[in-house]
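Architecture and fold: a report
So the chains spell out like this:
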Amino acid sequence: DGIVTPALGRCKPGDLVEIGGPYGEFCLPIQAIAEDSFVFIASGTGVAPFHSFIKSFPWLDYKLYHGIRHDNEKYEAADYEPSRYITAVSQPANGTGERITSVLSREQMNPESHYYLCGNRQMITDTVQILRERGVPGGRILMETFF
(Lines give C-alpha, C1' and ligand atoms only; values in the text may rest on other atoms or scores of the structure.)
Protein backbone atom coordinates (compact mmCIF):
# COMPACT_ATOMS: atom_id res chain seq x y z
CA ASP A 1 0.00 0.00 0.00
CA GLY A 2 3.01 2.33 -0.16
CA ILE A 3 4.39 4.28 -3.08
CA VAL A 4 7.55 2.33 -3.95
CA THR A 5 6.40 -1.28 -3.50
CA PRO A 6 3.50 -1.12 -6.01
CA ALA A 7 5.77 0.59 -8.57
CA LEU A 8 8.38 -2.16 -8.17
CA GLY A 9 5.64 -4.77 -8.44
CA ARG A 10 4.78 -3.49 -11.93
CA CYS A 11 8.38 -3.95 -13.12
CA LYS A 12 9.29 -6.84 -15.36
CA PRO A 13 12.63 -8.69 -15.32
CA GLY A 14 15.13 -6.54 -17.20
CA ASP A 15 13.30 -3.22 -16.61
CA LEU A 16 15.61 -0.32 -15.80
CA VAL A 17 15.01 1.14 -12.34
CA GLU A 18 16.56 4.47 -11.36
CA ILE A 19 17.04 5.06 -7.65
CA GLY A 20 18.04 8.45 -6.29
CA GLY A 21 19.79 9.34 -3.07
CA PRO A 22 20.45 8.97 -0.33
CA TYR A 23 20.81 12.67 0.23
CA GLY A 24 22.09 14.30 3.40
CA GLU A 25 24.11 13.21 6.37
CA PHE A 26 22.18 10.22 7.70
CA CYS A 27 25.18 8.46 9.22
CA LEU A 28 26.62 7.87 12.67
CA PRO A 29 29.20 10.33 14.03
CA ILE A 30 32.43 8.33 14.24
CA GLN A 31 33.52 9.87 17.54
CA ALA A 32 30.19 8.95 19.20
CA ILE A 33 29.91 5.30 18.13
CA ALA A 34 31.92 3.89 21.04
CA GLU A 35 30.76 6.34 23.71
CA ASP A 36 27.18 7.49 23.15
CA SER A 37 23.76 5.87 23.05
CA PHE A 38 21.54 5.81 20.00
CA VAL A 39 17.80 5.49 19.59
CA PHE A 40 16.59 4.36 16.17
CA ILE A 41 12.92 4.85 15.30
CA ALA A 42 11.57 3.38 12.06
CA SER A 43 8.37 2.66 10.27
CA GLY A 44 8.28 -0.25 7.83
CA THR A 45 11.33 -0.54 5.60
CA GLY A 46 12.75 2.56 7.25
CA VAL A 47 14.50 0.06 9.50
CA ALA A 48 17.08 -0.63 6.73
CA PRO A 49 19.69 1.99 7.69
CA PHE A 50 19.45 0.98 11.33
CA HIS A 51 20.00 -2.66 10.44
CA SER A 52 23.14 -1.57 8.64
CA PHE A 53 24.34 0.54 11.59
CA ILE A 54 23.79 -2.32 14.04
CA LYS A 55 25.45 -4.94 11.84
CA SER A 56 28.40 -2.61 11.14
CA PHE A 57 28.94 -1.73 14.81
CA PRO A 58 27.85 -4.71 16.93
CA TRP A 59 29.05 -3.03 20.15
CA LEU A 60 26.77 -0.02 19.55
CA ASP A 61 24.64 1.08 22.51
CA TYR A 62 21.24 1.28 20.82
CA LYS A 63 17.53 0.81 21.17
CA LEU A 64 15.44 0.20 18.04
CA TYR A 65 11.74 1.05 17.82
CA HIS A 66 10.07 -0.41 14.74
CA GLY A 67 6.53 0.41 13.68
CA ILE A 68 5.06 -2.21 11.36
CA ARG A 69 1.62 -3.08 10.03
CA HIS A 70 1.75 -6.87 10.36
CA ASP A 71 3.63 -9.31 12.60
CA ASN A 72 5.55 -10.80 9.68
CA GLU A 73 7.27 -7.47 8.90
CA LYS A 74 9.91 -7.77 11.62
CA TYR A 75 12.69 -7.67 9.02
CA GLU A 76 15.91 -9.32 10.21
CA ALA A 77 14.64 -9.27 13.82
CA ALA A 78 17.06 -12.07 14.78
CA ASP A 79 19.94 -9.64 14.15
CA TYR A 80 18.89 -7.44 17.10
CA GLU A 81 19.21 -8.09 20.80
CA PRO A 82 15.62 -8.79 21.91
CA SER A 83 15.82 -6.33 24.80
CA ARG A 84 16.82 -3.57 22.37
CA TYR A 85 14.19 -4.23 19.66
CA ILE A 86 10.71 -2.90 20.37
CA THR A 87 7.95 -3.28 17.82
CA ALA A 88 4.50 -1.81 17.49
CA VAL A 89 2.16 -3.69 15.16
CA SER A 90 -0.65 -1.46 13.93
CA GLN A 91 -2.70 -4.17 12.17
CA PRO A 92 -1.99 -7.47 13.97
CA ALA A 93 -3.90 -10.64 13.24
CA ASN A 94 -5.73 -10.35 16.58
CA GLY A 95 -7.05 -6.90 15.65
CA THR A 96 -5.64 -5.03 18.65
CA GLY A 97 -2.78 -2.93 17.42
CA GLU A 98 -0.95 0.25 18.22
CA ARG A 99 1.26 2.68 16.39
CA ILE A 100 4.93 3.21 17.22
CA THR A 101 4.20 6.75 18.40
CA SER A 102 1.86 5.33 21.07
CA VAL A 103 4.72 3.18 22.35
CA LEU A 104 7.12 6.13 22.27
CA SER A 105 4.73 8.36 24.20
CA ARG A 106 5.09 5.97 27.18
CA GLU A 107 8.90 5.68 27.02
CA GLN A 108 11.56 7.62 28.90
CA MET A 109 13.76 9.64 26.54
CA ASN A 110 17.33 10.57 27.38
CA PRO A 111 18.06 14.05 25.96
CA GLU A 112 21.74 13.06 25.63
CA SER A 113 21.07 10.15 23.24
CA HIS A 114 21.25 10.49 19.47
CA TYR A 115 17.83 9.98 17.84
CA TYR A 116 17.55 8.76 14.26
CA LEU A 117 14.14 8.58 12.58
CA CYS A 118 13.45 6.95 9.24
CA GLY A 119 10.15 6.26 7.57
CA ASN A 120 6.69 7.64 7.06
CA ARG A 121 6.39 11.45 7.18
CA GLN A 122 3.55 11.44 9.74
CA MET A 123 5.45 9.09 12.06
CA ILE A 124 8.46 11.40 11.91
CA THR A 125 6.39 14.54 12.52
CA ASP A 126 4.65 12.96 15.53
CA THR A 127 7.89 11.49 16.89
CA VAL A 128 9.76 14.79 16.69
CA GLN A 129 6.97 16.39 18.70
CA ILE A 130 7.21 13.64 21.35
CA LEU A 131 11.00 13.99 21.54
CA ARG A 132 10.91 17.77 21.79
CA GLU A 133 8.26 17.57 24.55
CA ARG A 134 10.68 15.27 26.42
CA GLY A 135 13.50 17.81 26.19
CA VAL A 136 15.50 16.26 23.35
CA PRO A 137 17.30 19.11 21.57
CA GLY A 138 16.83 19.43 17.82
CA GLY A 139 20.53 18.87 17.22
CA ARG A 140 20.16 15.33 18.60
CA ILE A 141 17.42 14.38 16.12
CA LEU A 142 18.26 13.28 12.57
CA MET A 143 15.60 12.15 10.15
CA GLU A 144 15.14 10.59 6.75
CA THR A 145 11.58 10.93 5.50
CA PHE A 146 9.90 8.99 2.75
CA PHE A 147 6.41 9.02 1.30
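Residues numbered from 1 in each chain as written. Predicted model: local features only at pLDDT ≥ 70, side-chain atom pairs only at ≥ 80, totals over all residues. Heavy atoms only, no water.

Looking now at the nonpolar core. Core analysis: the biggest nonpolar cluster contains 18 residues, and Leu-28, Phe-40, Phe-50, Phe-53, Leu-60, Leu-64 and Tyr-116 have the highest contact counts within it. Breaking this core down by element, the ones donating at least two residues are strand E1 (37–43), helix H2 (48–56), strand E2 (61–68) and strand E4 (114–120). Apart from the residues lying within four places of it in its own chain, the contact partners of Leu-60 are Leu-28, Ile-33, Phe-38, Phe-40, Phe-53 and Arg-84. In terms of nonpolar packing, the next biggest core, distinct from the first, is built from 16 residues, Tyr-65, Val-103, Leu-117 and Ile-124 among them. (Core = buried A, V, L, I, M, F, W, Y, C linked by side-chain atoms within 4.5 Å. Buried < 20%, exposed > 50% of the residue type's maximum accessible area, 1.4 Å probe, protein only. Helix = DSSP H or I, 4+ residues; strand = E, 2+ residues; numbered from the N terminus. Contact = heavy atoms within 4.5 Å.)

Another point: the sheet that holds E2. Backbone-to-backbone hydrogen bonds join strands into a sheet, with any given pair of strands oriented parallel or antiparallel. One open sheet holds the five strands; their spatial order is E3-E2-E1-E4-E5, and the pairing between them is parallel. Two strands close off the open sheet at either side, each with one partner strand: strand E3 (85–89) and strand E5 (141–146). Here the average twist between neighbouring strands, direction ignored, is 10°. (Pairing = 2+ DSSP bridges. Axes fitted to C-alpha atoms, helices over the stretch in contact; angles between N-to-C directions.)

Turning next to the pattern of salt bridges. The final tally for this structure, using the stated rule, is five salt bridges. Note that Arg-106 is salt-bridged to Glu-98, the shortest N-O span being 3.0 Å. Take Arg-106: its relative accessible area is 55%, and that puts it in the exposed class. Residue Glu-98 is classed as partly exposed on the basis of its relative accessible area, which comes to 29%. Each of the salt bridges in this network shares a partner with another, and the network as a whole consists of Asp-61, Glu-81 and Arg-84. (Salt bridge = Lys/Arg side-chain N within 4 Å of Asp/Glu carboxyl O.)

Let us look at the environment of Ile-130. Mapping Ile-130 onto the fold places it in helix H4 (residues 121–133). The exposure class of Ile-130 is buried, given its relative accessible area of 12%. Separated by 24 residues in sequence, Ile-130 and Arg-106 have C-alpha atoms that sit 9.9 Å apart. Excluding its chain neighbours within four sequence positions, the residues that come into contact with Ile-130 are Thr-101, Leu-104 and Ser-105.

Take H4 next. Given a rise of 1.5 Å per residue, 13 residues ought to cover 18 Å, and the 19 Å separating the end C-alpha atoms of H4 matches this to within 8%. For H4, the complete set of buried residues consists of Met-123, Ile-124, Thr-127, Ile-130 and Leu-131. The buried side chains of H4 occupy one side of the element, clustering within an arc of 125° when seen end-on. The exposed set on the far side of H4, more than 90 degrees from its buried face, consists of Arg-121 and Glu-133. Those residues of H4 that are buried are in contact with E1, helix H3 (100–104), E4 and E5. One side-chain oxygen of the residue at the start of H4 lies 2.7 Å from the amide nitrogen of Gln-122, identifying that residue as Asn-120. (Expected span 1.5 Å × (residues − 1). Arc of directions from axis to C-beta. Polar contact = N/O pair within 3.5 Å; in protein donor to acceptor, adjacent residues only side chain to side chain.)

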